[in-house]
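# Results of the structural survey
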Amino acid sequence: MLFQKIHNYFAKKEETIPLNGQSSFLKRLSELLKEGYTFHEAVSMLLPFYVKKSDFVIQKMTDVHKNGSSVTEVFKLLGFPNRLLLPINLATIHGQLQETVSILGVQSAVFESARKRLNSLLVYPLFLFVVIFLLFTVFRIYFLPNMESLLGTRTNLDSESSIIWTNVLLHLPNYFLIGIATAVVIILVVIFGVRKKNIKVQLTFWGKLPVLNSWYQLFFTRVFSRELGGLIESGLSIQRAFDALVFQEEHITLQFIAQQMREKIVHGESFSEAVLLLNYFPTDFHQFVIHGENSGYLGRELTLYSEFLTERIETKISKYLSVLQPTLFLILAIFIIGAYLAILLPIYEMINIV
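Below, the structure is looked at part by part. (Residues numbered from 1 in each chain as written. Predicted model: local features only at pLDDT ≥ 70, side-chain atom pairs only at ≥ 80, totals over all residues. Heavy atoms only, no water.)

Another point: the overall build of the chain. In terms of helices and strands, the chain carries 16 helices and zero strands. Split into buried and exposed, the 354 residues of the chain put 40% on the buried side. Here the contacts in the chain between residues at least 6 apart in sequence split such that 64% fall between residues at least 24 apart. Here the chain displays about 20400 Å² of accessible surface, and carbon together with sulfur accounts for 64% of that area. (Helix = DSSP H or I, 4+ residues; strand = E, 2+ residues; numbered from the N terminus. Buried < 20%, exposed > 50% of the residue type's maximum accessible area, 1.4 Å probe, protein only. Contact = heavy atoms within 4.5 Å. Areas by Shrake-Rupley, 256 points an atom, 1.4 Å probe, with all protein chains shown as cover.)

So, in structure tokens, the structure goes:
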């Protein structure tokens, strides 16, 4: 059974577009659509460059079209995540598929660049950490027992204290790994536990976490304003735009909030009042909505606001990444100082004995 799952995983991998190629695929797909190619023709032209089993995938894509499935099913077949399937699904409603694919290509390129930068920032510190961990292990196996035997004849408190501190300092990487592993396990347990709750409980939970709340609001509001703005710009009324968001299944949180906002609008509240009452969005979002309602360009205002949030997210990601590597080097410096102290303390004790 396990070998079958592994085989299916690798077989599936050869039929989908890898993550590092999705932004390039979307960019080229947008260019071909803009030149007048049909969606089927454009995808068929690009697949041999991105998928190993391209002939097999093209045949499956053809079958999907014959069965009357939407464009979203094709992207799902190619391995695109739900965060990209949602705007594509809604693009089939407002008819701006080429523009949507172009925007998604740019956004995917930004996050791919951030991921590559994160990997490059982590490679060198992680390599140093592995080397230091091995050195500390060697010290504990060979150095510490020798020091204990040399100082064993002297049983005063200073001798015992130096050995204890040496032992503690040589275990610093272990304590760090145990702490990181414990934190990761706790976070994963909390995330899986929260995801089992209903959407309202999830929103309440994330709203109580200071740092994560701001990130959650940024990402969600960007999706909300981009998709709603695109629907309204295409000529749909606010009511029909919210209907489209409610009926989609790729983003459950968006579906829940859209349903709540639609109910408030049906009961006579304006869009801006519904935004203020729900309190799921950044504080400045309400002002943008009011300005859009007053100017009569609500759809365009929402689209511009989503672009503004994208820039804000990019800035925050760059800021956090710029702090990450110095923090890792600071932790490594603490380990190195601990190693020096672990070696020097017994040596000083031996000098005192002499």
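Once the structure has been displayed, the description carries forward.
A word on the pattern of salt bridges. In a structure, side chains of opposite charge can pair up when their charged atoms sit close to one another. The tally for this structure, following the rule as stated, stands at five salt bridges. We note a salt bridge from R226 to E227, for which the minimum N-O separation is 2.7 Å. Classification of E227 as buried rests on a relative accessible area of 3%. Between R262 and D243 there is a salt bridge, and its shortest N-O distance comes to 2.7 Å. Of the two residues, R262 sits in helix α13 (residues 252-266) while D243 sits in helix α12 (residues 238-247), which places them 19 residues apart along the sequence. (Salt bridge = Lys/Arg side-chain N within 4 Å of Asp/Glu carboxyl O.)

This brings us to the side chain of N89. Within the secondary structure, N89 is located in helix α6 (residues 82-94). Residue classification places N89 among the buried residues on the basis of a relative accessible area of 17%. Among residues more than four places away in sequence, those in contact with N89 are T72, Q248 and E250.

Turning to the packing of α6 against helix α11 (residues 210-233), a few remarks are in order. Close contact between α6 and α11 brings their axes to 9 Å; oriented N to C, the two are set at 15°. As judged from the angle between their axes, α6 and α11 are roughly parallel. Regarding α6 and α11, the two cross each other, and that crossing is right-handed. Residues R83, L86, P87, L90, I93 and H94 of α6 form the contact with α11, whose own contacting residues are V223, R226, E227, G230 and L231. (Axes fitted to C-alpha atoms, helices over the stretch in contact; angles between N-to-C directions. Parallel < 35°, antiparallel > 145°, perpendicular 65-115°, else oblique. Left-handed = near helix turned anticlockwise from the far one by under 90°.)

What follows concerns helix α9 (residues 172-195). The end-to-end C-alpha distance of α9 is 35 Å, a good match for the 34 Å that 24 residues give at a rise of 1.5 Å each. Along α9, the residues classified as buried are P173, N174 and V194. (Expected span 1.5 Å × (residues − 1).)

Contact geometry for helix α2 (residues 19-34) and helix α3 (residues 39-50): axes closest at 10 Å, N-to-C directions at 145°. Once α2 is placed against α3, the crossing between them reads as right-handed. Counting all contacts with α2, which are made through G21, S24, F25, R28, L29, L32 and L33, the residues of α3 involved are F39, A42, V43, M45, L46, L47 and Y50. Here the contact of α2 with α3 is composed, by residue class, of eleven nonpolar, two polar and one charged. (Nonpolar A, V, L, I, M, F, W, Y, C, P; charged D, E, K, R; others polar.)

If you look at the biggest cluster of nonpolar residues, it comprises 40 residues, and the most contacted ones within it are F224, L228, F242, L245, M261, F271 and F281. Considering each element in turn, this core owes the most residues, eight residues, to α11. With residues up to four places along the chain from it excluded, the contact list for L245 reads L90, F224, E227, L228, L231, L254, Q255 and A258. Listed in part, the 30 residues of the second largest apolar core include L29, V43, L46 and L78. (Core = buried A, V, L, I, M, F, W, Y, C linked by side-chain atoms within 4.5 Å.)

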